[in-house]
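Per-entry structural report
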Amino acid sequence: MTLKGRQEQLALGALGVLLAVGACEAVSRAGLVRRDYLPPASEVLARAVELAGDPVFLDGIGATLLAWVLGLGLACAIAVPVGLVLGSVPVVDAAVRAIVEFLRPLPSVALIPLVSLLLGSGTETKVALVTYASVWPILFNTVHGLGETDPLAKDTLRAFGFGRLAVLLRVELPGTAPFIAAGIRISAAVALILAVATEILSGFGEGLGIFIAQAGLATDGTRDVLAGVVWAGVLGLVINGVLVWGERQLFPWTPGRRGVG
């Protein structure tokens, strides 16, 4: 995509946000929906800005991001090596395929009671659930990336006497890196969702999800709930933007990055 195309996408995205905010504001101000259920968007955004100066709220954001970073980091440390092994050794892939297909569909949210019982209600629970949910996109992208590696390049290295490890490090891993990065970007969104959802469902501790859960129990807490949701959305948008920028810098040769400048 060209730079002009990216600018057009950003402009259309900003226009969409403005239209959505304007529609929510108009619906609330016109009385079509009770303000208890849908406060004006301007009040929600003002409350979200106000929360930026609340040290307690920022500490909660920090707790959520800490669980996100630790969980995503552990997922990368597990999924990338395992994916390289599964994609490189067909015998191992065949041996563990049934186990992987059994574990993958299990919803991470359903594991919250079990993990909380085993690990308690602290950061460990959030990290464990975030890691479990984040492993799968990275793992399968790694396996898929290995399958897309240029066979001619691998055969060339083998013809010159390079061993299996050298082929993996010199050809397969660099060729798989863009797929791994895409998997990490997908898992980053999943990790943030799981971190906030675990906090909301657990109901105690600290974090953005705890703020949203406690606001939902208040008599007039809809505005705070929506302000917390705005913060969650902003965090997700910033994280995704940073990762997309990093992919463009690290892998400019990929088809989606050509012609950008």
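Placed above this text is the structure.
The sections below set out a description of the structure shown in this document. (Residues numbered from 1 in each chain as written. Predicted model: local features only at pLDDT ≥ 70, side-chain atom pairs only at ≥ 80, totals over all residues. Heavy atoms only, no water.)

Observations concerning the packing of helix α7 (residues 151–159) against helix α8 (residues 164–202)
The test is simple: An axis is simply a line fitted to the C-alpha atoms; with a helix, the fit covers only the stretch in contact. Between two such axes, the angle follows the N-to-C directions and lies from 0 to 180 degrees. Secondary structure is summarised from DSSP: a helix means a run of H or I of at least four residues, a strand means a run of E of at least two, and numbering begins at the N terminus for each. Here the angle decides the label: under 35 degrees means roughly parallel, over 145 means roughly antiparallel, 65 to 115 means roughly perpendicular, and every other value means oblique. A clockwise turn of the near helix away from the far one marks a right-handed crossing, whereas an anticlockwise turn of less than a right angle marks a left-handed crossing. By definition in these notes, contact holds between two residues if any of their heavy atoms fall within 4.5 Å. Any residue that is not Ala, Val, Leu, Ile, Met, Phe, Trp, Tyr, Cys, Pro, Asp, Glu, Lys or Arg is counted as polar, Gly included; the first ten are nonpolar and the last four charged.
α8 packs onto α7 with a crossing angle of 150° between their chain directions and a minimal axis gap of 10 Å. Considered as vectors, α7 and α8 are oriented roughly antiparallel to each other. Helix-helix and strand crossings are classified by hand; for α7 and α8 the assignment is right-handed. Side by side, α7 and α8 meet where A153, K154, L157 and R158 of the first sit next to A166, V167, R170, V171 and E172 of the second. Residues belonging to the contact of α7 with α8 are distributed by class as follows: five nonpolar, no polar and four charged.

Looking at the layout of surface pockets
Definition in use: Here a cavity is any set of points on a 1 Å grid over the protein atoms alone where a 1.4 Å probe fits but cannot get out, and a pocket is any open set with protein on both sides within 12 Å along at least 5 of 7 lines; a residue lines the site when it has an atom within 4 Å of a point. Grid points are joined across faces, edges and corners, and a volume is the space filled by probe spheres set on the points.
Approximately 360 Å³ is the volume attributed to the largest pocket. Lining the largest pocket we find 15 residues, and of these V21, V44, L45, L226 and V230 sit closest to its centre. Listed by contribution, the elements that provide at least two residues to the lining of the largest pocket are α1 (3–29), α2 (41–51) and α10 (222–250). It is α10 that contributes the most residues to the lining of the largest pocket, six residues altogether. Where the lining of the second largest pocket is concerned, the elements lending two or more residues are α1 and α10. The biggest single contributor to the lining of the second largest pocket is α10, with five residues. Along the lines of polarity and charge, the residues of the lining of the second largest pocket split into three nonpolar, four polar and two charged.

Description of a nonpolar patch on the surface
Using the following cut-off: A patch consists of residues exposed above 30% relative accessible area that lack any salt bridge, with like charges linked at up to 9 Å and nonpolar side chains (Val, Leu, Ile, Met, Phe, Trp, Tyr) linked at up to 5 Å. Note on areas: Shrake-Rupley with a 1.4 Å probe; residue coverage comes only from the protein chains shown. Only one rule defines a salt bridge in this text: a Lys or Arg side-chain nitrogen within 4 Å of an Asp or Glu carboxyl oxygen.
Judged by side-chain polarity, V85, V89, V91 and V92 come together as a nonpolar surface patch covering roughly 290 Å² of accessible area. With respect to the helices, strands and loops of the structure, V91 is situated in helix α4 (residues 90–103).

Some remarks on the side chain of E25
Using the following cut-off: Only protein chains enter the calculation, and the probe is 1.4 Å; a residue is then buried if its accessible area is under 20% of its type maximum, exposed if over 50%, and partly exposed in between. Under this definition, polar contacts are N or O atom pairs within 3.5 Å; protein pairs additionally need one hydrogen-donor-capable and one acceptor-capable atom, and for neighbouring residues in sequence, both atoms have to be side-chain atoms.
You can see E25 is positioned in helix α1. Owing to a relative accessible area of 18%, E25 belongs among the buried residues under this scheme. From its side chain, E25 meets the backbone nitrogen of S42 in a polar contact 2.7 Å long. Contact partners of E25, with chain neighbours within four places excluded, come to P40, A41 and S42.

Side note on empty space enclosed by the protein
On inspection of all chains with the given rule, the structure shows one cavity of 30 Å³ or more. Approximately 40 Å³ is the volume found for the largest cavity. Around the largest cavity, the lining residues are L86, D93, V96, R97, V100, L139, F140 and V143. Of all the secondary structure elements, the ones that give two or more residues to the lining of the largest cavity are α4 and α6 (123–147). Top contributing element to the lining of the largest cavity by residue count: α4, with four residues. Counted by class, the lining of the largest cavity contains six nonpolar, no polar and two charged residues.

Fair warning: the whole summary comes from geometry, so function is off the table for now.
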